[in-house]
Amino acid sequence: MAISELSLSAELQPSQPPPSSASPSAPLVEPNPTLRALLRLLDDADMGAPFIKLCVSNELPRASSNSSLFRQPSLARALCVEALAMSASAFVRHSFTPLVVQLSSGDADFEVNRRFLLEGDSLEANMDNLCKALQWFIDTTEHALEQAAPPLLRTLAAHVFNLLGPQRRALATHIVAGLLFHCLLSPPIAAPHVHGLVRSEPDDRAQRALKLVVEGLACLADTRPFSRDIPSSRALDEVLDLNRGRVEEMVLRLAHPSLPGE
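Since we're looking at a predicted model, the values are computed, not measured.

Scoring rules and cut-offs
- Residues numbered from 1 in each chain as written.
- Predicted model: local features only at pLDDT ≥ 70, side-chain atom pairs only at ≥ 80, totals over all residues.
- Heavy atoms only, no water.
- Salt bridge = Lys/Arg side-chain N within 4 Å of Asp/Glu carboxyl O.
- Helix = DSSP H or I, 4+ residues; strand = E, 2+ residues; numbered from the N terminus.
- Buried < 20%, exposed > 50% of the residue type's maximum accessible area, 1.4 Å probe, protein only.
- pLDDT = per-residue confidence, 0-100.
- Contact = heavy atoms within 4.5 Å.
- Expected span 1.5 Å × (residues − 1).
- Polar contact = N/O pair within 3.5 Å; in protein donor to acceptor, adjacent residues only side chain to side chain.

Attention now moves to the pattern of salt bridges. Here the structure, examined in full by the defined rule, presents 15 salt bridges. Two residues, Glu82 and Arg36, come together in a salt bridge whose shortest N-O distance is 2.7 Å. Taken together, the residues span a long stretch of sequence, with Glu82 in helix α3 (residues 75–87) and Arg36 in helix α1 (residues 33–44) at a distance of 46 residues. Using a relative accessible area of 4% as the deciding quantity, one classes Glu82 as buried. For Asp222, the salt bridge identified is with Arg71, shortest N-O distance 2.5 Å. Note that Asp222 is positioned in helix α8 (residues 204–222) and Arg71 in the loop between α2 (48–59) and α3, a separation of 151 residues in sequence. The burial state of Asp222 is the same as that of Arg71; both residues are buried. Counted as one network, the salt bridges with shared partners bring together Asp139, Glu142, Glu146, Arg246, Glu249 and Arg253.

Set out below in C-alpha cells:
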C-alpha cells in the first residue's frame, strides 16, 4: 500500500456541527497543537505514517513478554493519539456519537461507586445500566471496525504484528488492543465535547458515566478486572470476560484483514 493512501490528511475533515442534543464526557488529554503541526508537516512530505511506525518500533519490547506501550505516556502513544484523532475523527463521530449522546441524556444513571451514589439511587439498577452500556460500546466497536476500520489503525496494527512475529502474537494482540482502546477510542469518549461528538461539556454525572465506560474499555484492553478498583462491580467483570475473545478477534482482523469474519 502506498504511503499516500495512508495520508493523515486523507481523512481530515473540518469540524462538523455535532447533534444539538445532549453533551457528555470526562477529562482526557486535549489535542496537542505542536504534535499536530509536526504531523501535518510530515504528512506533506509523505512521511507521516513512516515516522509514526518508526516511533512505535523504537518502543516495542525487545525481549519482554509484556509491554505498557500505548498505556503509559510516551512519544509513540502521543503521536498515535494525535494521528488517529486527525485521521479517524469521522469514523469515531459516525460510530459513537449516538451512544455518547444517550449516556449523556440523563435518562438513566450509571454510577456504581458507592461514594458517588445519591439518595434514592439503586446500585443494582445502575450496575445493570452500566453493563448494558459497556456491551453497547463493545458491540459498536466490532461492527464499526468490520464496516470501515481507519486505514492508519490497520497499518499500525499490521506493523506491530509483523515486527513481533507469530511467536509473540499474544503480546502483539495486547499492544494493538491498547492502540485501539487507549489511543483511538478513550479520548473522544471521555471528552466528546473536545473531539466534536457533542457541542458542550457534559454535566458531572454524565462525565462520570463516560469515565466508567472508558475504564471498562481499558480493563478490556489490559485484560484486568474492573472490580480491582470498584469491588461492587463484579457484574462488569462478567461482561469483560464474555468479550475478551471478541477483542482478540477484532485485533487480529485489524492486522490481517483477509481473515474470515470481516
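Once that is clear, we can look at the confidence of the model for the protein chain. Overall, the prediction assigns the protein chain a mean pLDDT of 84, with 84% of residues at 70 or greater. Ranking the elements of the protein chain by mean pLDDT puts α8 last with 92 and helix α6 (residues 151–164) first with 96. Low pLDDT, under 50, characterises residues 1–28; the stretch is placed with 72 contacts to residues that sit more than four places away or in other chains.

With that settled, consider α8. Over its 19 residues, α8 extends 26 Å from the first C-alpha to the last, a length consistent with the 27 Å expected when each residue adds 1.5 Å. Across the 19 residues of α8, 15 count as buried, placing the element largely inside the fold. Between the side-chain oxygen of the N-cap and the backbone nitrogen of Arg205 there are 3.2 Å, and the N-cap of α8 in question is Asp203. Positive backbone phi, approximately 50 degrees, marks Thr223, located one or two places after α8.

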